[in-house]
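The primary structure of each chain is shown beneath.
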Amino acid sequence: MRKKRQYSAFINRIGIGISLCLCLILALPPESTAQSSDTRTVQITWPAGDRNNNGFTSASISMRYQFRNCFGEVSIIYLLDSNSLNTSNQYWFNGEIRTVPNDRLPENRSSISFSGRVTAPGGRNVGQFRDDYAGSLAGFGCFGQQSRVAYFRDTAPNADTEELREQFLRSLSLSANRPDGPLSQREVEAYFNRIDREERQRIQQEERERARAEREAELERQREERERQAAEREREREREREARAGVGGTGAGAGAAGTGSTGRSPRSGSDDDSDTSTEATSSEDTSDAFDRARAEAQVAEAQAAADRQQVRSRQSAEITGAAIFLHFFIGRIIYSDIGREIPESHYVTPGPAVIFNVGYGLSSVPTFYNRNMNGEERTTNHASTTFDLGLMLEFYPYFSKNMGYKFDLNFHVGHGLLIQDFSFTAGGGLHGYL
């Protein structure tokens, strides 16, 4: 019960507050809201759209207004006539003029940007105002949709009576500004975007169908060309058969004439048997021609292989002769002091020593084999013996006549006896002697 009484008291207080506010409003001095001009109408015209700005080519709307004294302020009270919107059906969109269907034209406007300059008689400036969202919401006197223009004390200090103030308000004039840009409509542009998208899809579909038709036409042309070529080849074969048949008929006629001269009658038979015999003879002739051509090609290939082998043999002989001369020259230098013994003085003082050995030798390795993908073994290297020139570098940390050990590195470069292969080997080791 206590809570209910508290809620009732709170509601009663709210009601009392609202009543007091209404009483204060109604108790305002009459002269504060009584003076006003007559109600006037101004036509607001938007600038036309252009290539750089989307919008209607022409659009206008009506605005009703009056000047009023609101608590010592020169105010303008206005109301948008939203149903008075008038537009053309031409619309600039993305750099070109489009036609808007009648059912797409806007019928009203909920708000606009309303601004202007107020002047007194003689062009004297009173003040300016601006409302970017002036709409059609009606109000009550100074509590409606209004903007302050100036103060009476600044613009009409001598208008100290109701009549003078109302006379001053009636003398004022309004120069309304045009909106900053053309009137654009989001629904209209969405309609144009949908039309453009459908047009692009239609063009793309036509291009795909045209490309498909061109491909089908090209395939059909190729098919007809293949059929034409096949028919031409068939006619060519038919002419060849007729030509061979003519040659066979001539031979048969000659044979028949010879038989008559010897008193024997020609061989009897039907036309079908003659054609079959002619075709068999033609096939045999063709097979013989193919065999002869194949045999001639094999002979020519064997002759070319023999010529290549002769060239390789001559080149190999020339290289072998040059190699023998080169090895003889190197051998004279290497073996110029062969047979010379190492003097005893070399072994008197044990110590480290470095020795170079150069000489020739023969090396032989097994023939290399390889296996292909089918498991067949193929010989890849027939030259198993090479003539090598070797170089050995020996380093003796301890060297004497009776004992010692050494590290050695050796390199061998060689080639086959017929200069058909080359080899290179290298090695090293640790050796000792007693």
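Residues numbered from 1 in each chain as written. Predicted model: local features only at pLDDT ≥ 70, side-chain atom pairs only at ≥ 80, totals over all residues. Heavy atoms only, no water.

**Student:** Any details on the sheet that holds strand S5 (residues 90–93)? Residues and values, ideally.
**Tutor:** Spatial strand order, S2-S5-S6: three strands in an open sheet with antiparallel pairing. Only two strands of the sheet have a single neighbouring strand rather than two, namely strand S2 (55–56) and strand S6 (96–99). The pairing of S2 with S5 spans two bridges and is classified as antiparallel. Opposite Phe 56, over in S5, you have Tyr 91 as the bridge partner. (Pairing = 2+ DSSP bridges. Helix = DSSP H or I, 4+ residues; strand = E, 2+ residues; numbered from the N terminus.)

**Student:** Before we move on, could you go through the state of the cysteines and cite the residues and values that matter?
**Tutor:** Going through the model one piece at a time under the given rule, you end up with one disulfide. Each disulfide pairs two cysteine sulfurs, and for Cys 70 the partner residue is Cys 142, the sulfurs being separated by 1.9 Å. In this structure the cystine formed by Cys 70 and Cys 142 twists about its S-S bond by roughly -90 degrees; its chirality is therefore left-handed. Remark: Cys 142 occurs in the loop between strand S8 (124–135) and strand S9 (146–151) and Cys 70 occurs in strand S3 (residues 59–70); sequence separation between them is 72 residues. (Disulfide = S-S within 2.5 Å.)

**Student:** Explain the environment of Gln 43 to me, using residue names and the numbers behind them.
**Tutor:** Structurally, Gln 43 is set in strand S1 (residues 40–46). When the C-alpha atoms of Gln 43 and Ser 60 are compared, they prove to be 6.6 Å apart, with 17 residues separating the residues in sequence. A distance of 3.4 Å separates the side chain of Gln 43 from the side chain of Ser 60, its partner in a polar contact. Side chain to side chain, Gln 43 and Ser 62 meet in a polar contact 2.9 Å long. (Polar contact = N/O pair within 3.5 Å; in protein donor to acceptor, adjacent residues only side chain to side chain.)

**Student:** So, the side chain of Ser 75: which residues are in play, and what are the values?
**Tutor:** In this structure, Ser 75 sits in strand S4 (residues 73–87). We classify Ser 75 as buried; its relative accessible area is 0%. Beyond its immediate stretch of four places on either side in the chain, Ser 75 contacts Gln 66, Phe 67, Arg 68, Cys 70, Gln 146, Ser 147, Arg 148 and Val 149. (Buried < 20%, exposed > 50% of the residue type's maximum accessible area, 1.4 Å probe, protein only. Contact = heavy atoms within 4.5 Å.)

**Student:** Quick rundown of the side chain of Ser 36? Include the residues and the values.
**Tutor:** Of note, Ser 36 is situated in the loop between helix H2 (31–34) and S1. Looking at Ser 36, the relative accessible area reads 13%, which means it is buried. What Ser 36 contacts, discounting residues up to four positions off in sequence, is Gln 66, Phe 67, Arg 68, Glu 166, Leu 169 and Arg 170.

**Student:** Describe the nonpolar core, listing the residues and the values that go with them.
**Tutor:** For soluble globular proteins, the rule of thumb is that nonpolar side chains tend to be buried together. Membership of the largest hydrophobic core comes to 37 residues, with the highest contact counts inside it found for Met 63, Ile 76, Phe 114, Leu 172 and Leu 174. With near-sequence residues (within four places) excluded, Leu 172 lies in contact with Arg 40, Phe 67, Val 74, Val 118, Thr 119, Ala 120 and Val 126. (Core = buried A, V, L, I, M, F, W, Y, C linked by side-chain atoms within 4.5 Å.)

**Student:** Provide a residue-level description of the sheet that holds S8, including the pertinent values.
**Tutor:** Strand order in the open sheet formed by three strands is S8-S7-S10, with antiparallel pairing between adjacent strands. Two strands lie at the open edges of the sheet, namely S8 and strand S10 (173–176), each paired on one side alone. Between one strand axis and the next, the sheet turns by 25 degrees as a mean value, whatever way the strands run. (Axes fitted to C-alpha atoms, helices over the stretch in contact; angles between N-to-C directions.)

**Student:** How would you explain the pattern of salt bridges if you had to name every residue and give the values?
**Tutor:** Under the counting rule described, the total for this entry stands at 21 salt bridges. Here Asp 132 ties to Arg 130 by a salt bridge, and the two come within 2.9 Å at their closest N and O atoms. Taking relative accessible area as the criterion, Asp 132 reaches 38% and is therefore assigned partly exposed. We classify Arg 130 as partly exposed; its relative accessible area is 45%. (Salt bridge = Lys/Arg side-chain N within 4 Å of Asp/Glu carboxyl O.)

Treat this as a map of the structure, not an account of what it does.
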